[in-house]
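Commentary on secondary and tertiary structure
Each chain, letter by letter, is given below.
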Amino acid sequence: MLSTMQDVPLLISRILTHGSRVHGASRVTTWTGEAEPHRRTFAEIGGRAAQLAHALRDELGVRDDDRVATLMWNNAEHVEAYFAVPAMGAVLHTLNLRLPAEQLAWIVNHAADKVVVVNGSLIPLLAPLLPRLPTLEHIVVSGPGDRAPLAGAAARVHEYEDLIAGRPTGYDWPELDERRAAAMCYTSGTTGDPKGVVYSHRSVYLHSMQVNMAQSMGLTDRDTSLVVVPQFHVNAWGLPHATFMTGVNMLMPDRFLQPAPLAGMIEGERPTHAAAVPTIWQGLLAELHARPRDVSSLTQVTIGGSACPPSLMAAFDALGMRVCHAWGMTETSPLGTVARPPAHAAGTEEEFAYRLTQGRFPAGVEARLTGPGGERLPWDGASAGELEVRGAWIAGAYYNGPDAEPLRPTDKFSEDGWLKTGDVGTISPDGFLTLTDRAKDVIKSGGEWISSVELENALMSHPDVAEAAVVAVPDEKWGERPLATVVLREGARTDFEALRAFLTEEAHIARWQLPERWTIVESVPKTSVGKFDKKVLRRRYAEGDLDVTRL
Ligand code: ADP
């Protein structure tokens, strides 16, 4: 029997129409580095998104599922592109502006981008690549920055504001199939070529509803969210779409991502929520300790992308900024789990431990653990295996070029269609995920596994340690052993022996897991999305480029 319900496709245009009408007075505030930030209401964004869609269709000839790329910071114009492009039926492709030039060119060509909307300040990044980007027909420039390097480009160059000026502020958004491509994002390619994930209107819509649930980020129109996580990093974790559903105001840092301007934004604009990877927050914390500000408005901070060190969570708690830990991937849109402790843990000692897990699976994400032999492991909080997930906003394949079927490489997807995450951990009986490591970062020492993350967290809980990354290095006797790479705070007085003693005595790390190899670095190399780049550390070690002390 069929249902009697209406079959209304879940489209991004519906999120835009709703947000710009029902929450028309909510605002996107963009930091400018000048006395006044730039403010635009959701109603204005709705009108300008329609103008942009008219321009893309009528002036630039964007049709069907043409790819429109963005090479932009987080700002109001980027939000306009976020809605205009998918709503008109084309595909938004957010480019990671921190990728090496080689990879960026590879990705643009792989996606066959026809248009790129670029911030003026990023022209120096784009211009040298242009001779290698044959599919690009149009470049649309927004915001300050010297245009001169674009002179002589084969693609036509347009000014964003001129392009949209005078066009109708309404658009008859097409009724699309909700399963069509809406946006695409490439994984940062830590191993091999980057892989393209293509989100559908339906997956974005459902994911946005999840972001808005109380057990997820649960924000409302009373909130202002400081969206530090880049719009090119898995759709800024879904925030731009989710906020248009509920009227949450957005505070966008544009290119001002250093700790001092971030602290200034928090003090000046008083956001209630913020989202970013741990390295951003480590930097902000040091800034707040050096120059205290009023950050009392900020009561909820979503941290994900890599494990949140317990010391960071505790330090933020002490400042009144309550951390909510979450786990996800490009392939999971990204929200996979959110660490809201269960009711019975509230106010107990257990609560902090629950908050440190990667979080609980929502109804829309099914999970299972697979052991080394392919066996299913129980949710007992102890059996560790590779996490596999399935759901309406989880990728089932990778993009394989415009004329090919989507790709399903067997190493990333199980035969029955689940995503193999490459993350290793346990799941408790009540559905909380605890990751011990990424499969490729686990240290395999004499048949036992050492969690690099556990060692890092332990080291970073030492007051003299600003950052610490631990990687596996080859060892004749054990196969692999941990190398501890430590960044000390200014004025630190500790040494390797003392740190090693701290690991056993204070952090209760088992003796056999203690690193013998230690090195001090000025900073831990970071990936394009701000995570510890362990590949670079392993390479530097192999090339003898690190000054290693053996204890
Ligand atoms: P990349 O693979 O290039 O880092 P993603 O942003 O898609 O790009 O990374 C997803 C991975 O990040 C996950 O598979 C996991 O290993 C890691 N990750 C994300 N959130 C967390 C978290 N809260 N704790 C530990 N690891 C995390």
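Residues numbered from 1 in each chain as written. Predicted model: local features only at pLDDT ≥ 70, side-chain atom pairs only at ≥ 80, totals over all residues. Heavy atoms only, no water.

1. A closer look at the site of the ligand
S188, T330, D423, R438 and K531 are the nearest of the 16 residues found near the ligand. Within the contact set of the ligand, an oxygen atom lies 3.0 Å away from a side-chain nitrogen or oxygen of H233. The side chain of D423 places a nitrogen or oxygen atom 2.5 Å from an oxygen atom of the ligand. Its free accessible area being 560 Å², the ligand has 92% of it covered by the protein chains. Only β14 (322-328) and β21 (432-438) provide two or more residues apiece to the shell around the ligand. (Near = heavy atom within 4 Å. Polar contact = N/O pair within 3.5 Å; in protein donor to acceptor, adjacent residues only side chain to side chain. Areas by Shrake-Rupley, 256 points an atom, 1.4 Å probe, with all protein chains shown as cover. Helix = DSSP H or I, 4+ residues; strand = E, 2+ residues; numbered from the N terminus.)

2. What to know about the packing of helix α2 (residues 42-59) against helix α3 (residues 76-87)
Packing of α2 against α3 brings their axes to within 8 Å, and their N-to-C directions diverge by 60°. Considering their axes alone, α2 and α3 lie oblique with respect to each other. Judged by the twist between their axes, the crossing of α2 over α3 is right-handed. Contacts from I45, R48, A49, L52, A53 and L56 in α2 reach A76, E77, V79, E80, A81, F83, A84 and V85 in α3. The residue inventory of the contact of α2 with α3, partitioned by class, reads 11 nonpolar, no polar and three charged. (Axes fitted to C-alpha atoms, helices over the stretch in contact; angles between N-to-C directions. Parallel < 35°, antiparallel > 145°, perpendicular 65-115°, else oblique. Left-handed = near helix turned anticlockwise from the far one by under 90°. Contact = heavy atoms within 4.5 Å. Nonpolar A, V, L, I, M, F, W, Y, C, P; charged D, E, K, R; others polar.)

3. Things to note about the nonpolar core
With 82 residues, the main nonpolar core has F83, F244, L387 and V389 as its most contacted residues. Dropping the residues within four chain positions of it, F83 is found in contact with I12, I15, L16, A49, P240, H241 and F244. The next biggest cluster of nonpolar side chains, apart from the first, holds 57 residues, and it includes W73, L97, V116 and L129. (Core = buried A, V, L, I, M, F, W, Y, C linked by side-chain atoms within 4.5 Å. Buried < 20%, exposed > 50% of the residue type's maximum accessible area, 1.4 Å probe, protein only.)

4. So, the domain arrangement of the chain
Think of interface size as the accessible area that goes away when the parts come together; that is how it is often given. Looking at the assigned domains, one finds that the chain contains domain 1 (8-200) and domain 2 (441-550). Each of domain 1 and domain 2 has a C-alpha centre, and these two points are 40 Å apart. (Domains from an automatic or database assignment.)

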